[in-house]
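Observations on chain architecture
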Amino acid sequence: MTPDCRCNIAARAARELEDGQVTNLGAGIPMLVANYIPAGIDVVIQAENGITGVGPVSPPGTEDPDRRNAGNLFVTLLPGGCYFDTATSFAMIRGGRVAATMLGTLQVDGDGNIANYEMPGRKIGMGGAMDLVAGARTVYVLTEHCAKDGSAKLVARCTLPLTGAGECDVIITERALFRRRPEGGFALEEVACGHTLEEIAACTEMTYTVADEVKLDAY
Amino acid sequence: MTPDCRCNIAARAARELEDGQVTNLGAGIPMLVANYIPAGIDVVIQAENGITGVGPVSPPGTEDPDRRNAGNLFVTLLPGGCYFDTATSFAMIRGGRVAATMLGTLQVDGDGNIANYEMPGRKIGMGGAMDLVAGARTVYVLTEHCAKDGSAKLVARCTLPLTGAGECDVIITERALFRRRPEGGFALEEVACGHTLEEIAACTEMTYTVADEVKLDAY
Amino acid sequence: MALNKMIPIEEAVARVESGMTLALGGFLGQGVPLTLIRALKARPVHDLVIWSNDGGYGDDGVVELVKAGMVRELHCCHIGYTPAVGRAVEAGDLELEWVPQGNLIEMLRCGGAGLGGFLTPVGVGTAVEEGHQKVTVNGRTYLWERAVRADVAFVRAHAGDIVGNLCFRGTARNYNTTVATCADYVIAEVEHAYSAGELDPEKVHAPGVFVDAVVRADVSYCGVRR
Amino acid sequence: MALNKMIPIEEAVARVESGMTLALGGFLGQGVPLTLIRALKARPVHDLVIWSNDGGYGDDGVVELVKAGMVRELHCCHIGYTPAVGRAVEAGDLELEWVPQGNLIEMLRCGGAGLGGFLTPVGVGTAVEEGHQKVTVNGRTYLWERAVRADVAFVRAHAGDIVGNLCFRGTARNYNTTVATCADYVIAEVEHAYSAGELDPEKVHAPGVFVDAVVRADVSYCGVRR
C-alpha cells in the first residue's frame, strides 16, 4: 500500500460528499479525505470528541492542546465551527444530523457487516465507530483492498468482532468502489485505473454483482 | 390567612436551611423563604428553569426579561450563580444535588402524599413539582393549615391527584410543624405562638403523633 | 461552512403542516419563539400536536394557537397562567397530556439524541403511572418513558449565525437547547444575527448542525423592554 | 454562595478508597485530569473500577493507574494508544468492558441525571449485545443499557471558581461536563482559579452545584506548551 494508493482512495471518497453535508472522518485514510474536497463544496467536518467545522491540521508551532480531533491530532477550526461536549456530539450522531461517516476497517462483507476494533491478540477498541455506523445516514468504508499479508479484507463473512451489523453502504478501495443496492448486496460500480474486472474478482472474497453501468478507469 | 401568617411560615421554614445547601423554592409561600434566611447561612437557591444563585426580586426598573425564576418573576443573580438549560436543571434535581425543596400544596396526608396540581374544574399542572419531590433529599410542604373555606388541607387521605406518593418529609403551617419519623408517620414537633395542641387536633384531619419533646410557642 | 441557513420566516413556517408534531422552546414568558408562533397563525394548519413546557403566559405563546383552533393535543406540565387553555381542555376541544417537567425535557432530549426511551423515578405512585410500564432496577422503581421527536421545532435565541449556531441569554436558554435537537426540521428565531465565525465558538450553546433554518426574531416580543 | 470548595489536593484524593468506582473526564490527551490521577498514585488504593473514554494516551492517564496495579476493572471504548493496558488485559490482570463511546457517555449522563437506564440503537448485532436485553420500539431494535454512577469523579477544567463553576476550552470539554454530574463526590482540577462572581454566568459549562471540591491543576500536564 503506497501513500499514492491511500490518497487515491481519499480523493475518490471526497467526490461522494455533497455541499453542506455534516461528515465524520475516522482515523487513517478517512482523515485524508479532508484534503480532497472539491472546490465549491462546503463540507462540515464533525469529530466525535466535540467539535464541528474541523479544518486542516494545525501548522507546526500553532498547535493548541485544547483543539484536537477524535484521533488526538491538532487541528484548526473553520469559521462557523464550534465546540460542544461528547454527550451532545453523540446526540448529533445518533439523532441523524451526521450525513456521512467514513471509516477504515479490518474486514467488511457482502451483508454490510464491518469489523474494525479487535483482532486476536490486539484490542484497539471501537471508540465512536459503533455509534457512527448506527447513526450516520451513509456509512463509507475506506480501506486497502487487501491486508498487508495479501489476504482479503473484503471477506465472504466477517470473522472478527463486528462494529456494525449490516451498516456499510459504500466500500472504496484503491482498486474499486462497491455500493450497496436498495434490495441488498453490493454492486461493483467502479474499477480504478490500472485494474481490471478479473483482477478485482481474484482479490475479493466478498460476494458482489457487477453493475450494468460499471465504469472502468474510474479514478 | 393574613400576610403575617404567610411570613410566619416562611420565617420558620428558613430556619431549616443549612449553610451551603442547594434549595428549590416553589411559587407562593416558599418563594418568601428567601427573605428570611438567617445571617451567616449561605443557601444556594436553584430554580428549575435553569439558574442557581437566585437572589432577591429585581428592583423596579432593573428587570431583565432573560433573568427570571420558574414562576416567571424577575430576579437577581448572586455572585457564584449561573445559568444552564432545563435538561441540566433536572439532572441536578433527580441526581440528588438539590438538598431541599419547599413547595405549597392543596392537600397532604399522614403517609407523606402530596397533591398540588389539579382540582375539579381547575387544571394547573405539576410543573417541576413531581420531579422535585422525587429528587430532592428533603421535601418541605409549606401551606396554610386550612383552606380558605375552613376545610382541612392536612387530610386523612389525599383525594386529589398526587404530585408525589410518600415524598413529604416536613409540613410547616402557620400553626404547627410536623416532621416525618424514620419509622413512618408524622410527629407534631412544634406549635406556633397563639395556638394550642387541642386547636391543632381540631383542625387537622391527618393522622399524627405528638412528639415527646413537642415545643409550644415555637415560632 | 458558509452554508447560509437564513431564510424568510414565511418560508420557514411553511414547513408546518396539519397534523404535525411541533416542539417549542421557552418557559412561561422566557425565551419563547413568539415570532414563529405568530407567523404560524397565518398558516391554514390545524390538528397540531404540541410539545411545550406550558400553555404560554397570559395571552402569549401556545395559548394563541389554541385560541385559533389549530391545536389537537398539548403535552406540557403547566397551564396555570393561561386559563383559556384550561377552558379548551374542559370543553373537549383540546386533548391534554400532563408530563412532569423533568420527564418532558428528557423525552425531547431522548428523541433528539436518537435514543429509544428511558427509565425515570418521577411519577411513580401518581396518575402519571397510567399507561407506563414499571421497572425495578437495583431496588428502585422507575417508569419507562418514551422518546419524542417532532416534525418541526421552533426555538428562540439571543444570537445566532448563518450556519445556525445559537447563543442564549440567562434563563431564556431553558428548553431551547434541547428542543433545537429534537425535530426533523428546526427553525431558530434570533434576536441578533451574525456571519459564520463571528460568534465565539466556546460560547455556542446549541451547535448549528442541529438547526435547519434561521429567521429574525421580533425583539419587541420579550415581555419587558431592554 | 461564597462557600469555598477549594481544598488541598491530598485531601480531595483521600476520598478515593479501594474498590471504589471512579469516573474520569478527558478524551485521549484532551482535558484529562492528570494532576488528580498522579496525586491518586500516591494513595494506597487498589481494585478501582474505572469509567473513562480510554486507557490514556501514550504514557499518560489511566494507563498510569493500571501500571501501578491499582485498577481491577476498566470500562472504556479505546485502548489503542496504550499498549500496556492491552497487555494487562491479555495477562488477566485487568478486566475490560468495551462500551461504545456514545453509550458510555450516555450511561454516565443517565447516572448523573438520576435516571435508571435507556434504550440505545448502538451495538445491536454486535458483541455488545451480550448481557443486554433487546427491546423493539416502533419497529426499531434497541439494547437496554444501564445508568452508571461513580463514587468519585475527576474532571479537568480551564477555569473554575471557588463554588465549583467550571469553564472548558475547546475540545478539552469532552466528557468533563457529564462526568462532573455522575458521582457522589466530584473533584475538579482547574488551570485557573477565580472567586465567586468572576466567571461570566453565561459561559459556565458545568454548574458548581455538581462539584464538591476544586483543586489546582498542574498546567505543565497539557501535552503541548501554550
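Keep in mind that this is a model prediction, so the values were computed, not measured.

Attention shifts here to the side chain of H132 of chain D. All names here are of chain D. Tracing the sequence through the fold places H132 in the loop between β5 (117–120) and β6 (134–137). The class of H132 is buried, set by a relative accessible area of 18%. Of note is the side chain of H132, whose polar atom sits 3.0 Å from the backbone oxygen of E130. Those residues in contact with H132 that sit more than four places away from it in its chain are L143, W144, E145 and R146.

In terms of nonpolar packing, the biggest core is built from 210 residues, with F154 of chain C together with F154 of chain D touching the most fellow members. Look past the residues within four positions of F154 of chain D in its chain and what remains in contact with it is V13, V16, L22, A23, L24, G25, P33, L36, I37, L40, V179 and I187 of chain D. The next biggest cluster of nonpolar side chains, apart from the first, holds 25 residues, and it includes I9, Y83, A192 and A218 of chain A.

We now examine the environment of L78 of chain A. Among the secondary structure elements, L78 of chain A is positioned in strand β4 (residues 75–83). In this structure the C-alpha to C-alpha distance between L78 of chain A and G184 of chain A, which are 106 residues apart in sequence, comes to 38 Å.

It is worth spelling out the packing of aromatic side chains at this point. Scanning all chains against the criterion turns up 8 aromatic pairs over all chains. Geometrically, the ring pair formed by Y117 of chain A and W98 of chain D is edge-to-face, given 6.2 Å between the ring centres and 85 degrees between the ring planes. Taken together, the positions of Y117 of chain A in the loop between β7 (114–115) and β8 (118–119) and W98 of chain D in strand β4 (residues 95–98) put the pair across two chains. The interplanar angle of 55 degrees and the centroid separation of 6.4 Å between the aromatic rings of F27 of chain D and Y175 of chain D together place this pair among those described as tilted. Here F27 of chain D, found in the loop between β1 (21–24) and α2 (34–40), pairs with Y175 of chain D, found in the loop between β9 (166–167) and α6 (176–179); they are 148 residues apart in sequence, far enough to count as distant. For Y175 of chain D, a relative accessible area of 0% corresponds to the buried category. Directly above the aromatic system of Y185 of chain C lies the positively charged group of R15 of chain C, at a separation of 3.9 Å from the ring centroid.

What follows covers the interface of chain C and chain B. Residue-level contacts link 44 residues of chain C with 39 residues of chain B. Interface of chain C and chain B: buried area, both sides summed, is about 3,200 Å²; carbon and sulfur atoms make up 57% of it. One can count 3 salt bridges joining chain C with chain B. For E106 of chain C, the salt bridge identified is with R94 of chain B, shortest N-O distance 3.7 Å.

Residues and elements named next belong to chain A. The strand order across the open sheet formed by 10 strands is β4-β3-β2-β1-β5-β10-β12-β13-β14-β15, and the pairing between neighbours is mixed. Every other strand in the sheet has two partners, leaving β4 and β15 (208–215) as the edge strands with one partner each. Direction aside, the axes of adjacent strands within the sheet are offset by 30 degrees on average. Bridge count for strand β13 (residues 176–180) against strand β14 (residues 186–191) is 5 bridges, and the pairing is antiparallel. Across the sheet, L177 pairs through a bridge with E190, a residue of β14.

Quick notes on the rules
Residues numbered from 1 in each chain as written. Chains lettered and ligands numbered in written order. Predicted model: local features only at pLDDT ≥ 70, side-chain atom pairs only at ≥ 80, totals over all residues. Heavy atoms only, no water. Helix = DSSP H or I, 4+ residues; strand = E, 2+ residues; numbered from the N terminus. Buried < 20%, exposed > 50% of the residue type's maximum accessible area, 1.4 Å probe, protein only. Polar contact = N/O pair within 3.5 Å; in protein donor to acceptor, adjacent residues only side chain to side chain. Contact = heavy atoms within 4.5 Å. Core = buried A, V, L, I, M, F, W, Y, C linked by side-chain atoms within 4.5 Å. Phe/Tyr/Trp six-rings, centres within 6.5 Å; stacked < 30°, edge-to-face > 60°. Lys NZ or Arg CZ within 6 Å of the ring centre and 35° of its normal. Buried area = accessible area lost by both parts, 1.4 Å probe. Salt bridge = Lys/Arg side-chain N within 4 Å of Asp/Glu carboxyl O. Pairing = 2+ DSSP bridges. Axes fitted to C-alpha atoms, helices over the stretch in contact; angles between N-to-C directions.

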